[in-house]
Structure formats: structure tokens, C-alpha cells
Amino acid sequence: MNKLSIKEAFGSAWKIFSTNVWIFVGSTAFIGAVSFISDKISNDKGLFDFIIGLATAVLLWWLYIGFIRMAMTAHAGGSISFEMLFGEKGTTLWHYIVAVILSAISVLIGLVLLIVPGIMLQIGLMFVPFLILDKNMQPVAALKESWRLTKGYKWKLFGFLCILILVNIAGILAAFVGLLVSIPLSLLVLTYVYRQLEKGVQMEPVASVSTQ
């Protein structure tokens, strides 16, 4: 069986990103701007701040699942556009919100028990939004399927995520402008990994990146 390496994941992600660079950069900048503006508007701790924060969270979740849809479409070789950020239905958003809440509760319980179980739970549920969009799954079914997909690969996925964190730290150090590249690139890497796991492709150890 073929194996998935970090080099392959980043190579595929970079090829897709470079082909659609302005759409991905523009979408990332727009989502970041929405988040920044909401922070500036809600500068007190009263009811108004709570309402703005809640509305912004829902808006950002809606934009985020549109962003994931964009990455999945581009990965499949389809045509993407900026308007895809605003294309997800209310039912999809609702399923995602419920899944986020259930995931957060599960991870919180894991963190309360011990740090490692919490991290493993977070990794095991990382593909929930992909499954909701790709398979139109209900929240609980998506949580179960994400856990199944990552079974036996959680430590390797942890290594992947550590590398993505370093990539985004580099983006922050580059006067935050680098995040316009590192954020969509990271999403495309995760999309690639999701598709490969879905196909049953095994994952190589993270250290393999230095030997290929």
C-alpha cells in the first residue's frame, strides 16, 4: 500500500495554492479582517460585547466552512472563486456548530483528565468539518467517522500538526503577512491528508521528510 509523506502533502498543497494564489490569499485576508474588526467593535464586557462576539463566532464559522469547501474543491481539480466563502447552507452551518460544541466538550473532558488524552481527542476529531461537508454527515456521525479515520495515526498526525504550527509561527514572524500564505497552505495540507486517509493510504513517520 502506498504511504503518505509530509513532502507529498506539502508538495500537493503548494501546487494547488500557487495555482489559485490570489483567491486563497484574498479569502484569508477577508476572514482575518472580519475577526479584527469584530475585536475592535466589541471593546467592553457587557451584553453588547457578548452579542457581537457570538454573532462574529457564527459568521467566522460560516466563512471557515466555506474556506474548507474551497480547499476541497481545489484539491479535486475544480474551479474555485471568492464567492464560495459565502455559499454554505444554514443546515451545514448548524451541523458544524453542533459538532464544534460536542468536540469542545470531549476535548475539555480529556484535558481535565490528562493533557495527552485531550490532545489525542482533538487530533481524532480534526476531520469532522471535512466529513460534514464532504459526506453531508450529521454531527455525531462525523465525530465517529473522524475518530475511525485517524485510528492508529494520531501520533503521526500530531507530528504533522506540529510542523503546521511551526509553518504558521514563521508566518507570524514575517510581520503577520506570511499568514496569508501559511494558513491556506496548512488547510490544503490537511485536505490532502484527509483525502489520503479516506482512501486508506498509510502514513509514513514524520521523520521521513528528511530522507526523501
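These figures come from a predicted structure and were not determined experimentally. (Residues numbered from 1 in each chain as written. Predicted model: local features only at pLDDT ≥ 70, side-chain atom pairs only at ≥ 80, totals over all residues. Heavy atoms only, no water.)

## Observations concerning the overall build of the protein
- On a plain count of helices and strands, the protein comes out with 9 helices and 2 strands.
- In the protein, the succession of α and β elements from N to C terminus is β-α-α-α-α-α-α-α-α-α-β.
- For 212 residues, the compact-globule formula gives about 17 Å, and the C-alpha radius of gyration of the protein, at 17 Å, lands near that figure.
- Projected onto its principal axes, the C-alpha coordinates of the protein cover approximately 55 × 40 × 35 Å.
- Burial status across the protein gives 43% buried among its 212 residues.
- Here the analysis covers contacts within the protein between residues at least 6 apart in sequence; of these, 73% occur between residues at least 24 apart.
- Total accessible area on the protein is roughly 11,300 Å²; 70% of this is exposed by carbon and sulfur atoms.
- Both charge centroids of the protein, one from 15 positive and one from 10 negative side chains, sit 9 Å from each other. (Helix = DSSP H or I, 4+ residues; strand = E, 2+ residues; numbered from the N terminus. Rg over C-alpha atoms; globule rule 2.2 N^0.38 Å. Buried < 20%, exposed > 50% of the residue type's maximum accessible area, 1.4 Å probe, protein only. Contact = heavy atoms within 4.5 Å. Areas by Shrake-Rupley, 256 points an atom, 1.4 Å probe, with all protein chains shown as cover. Lys, Arg positive; Asp, Glu negative; His and termini not counted. Charge placed at Lys NZ, Arg CZ, Asp CG, Glu CD.)

## Examining unusual backbone geometry
- The phi torsion at Asn136 lies on the positive side, around 55°, for a residue other than glycine.
- Judged by relative accessible area, Asn136 falls into the exposed class, the value being 57%.

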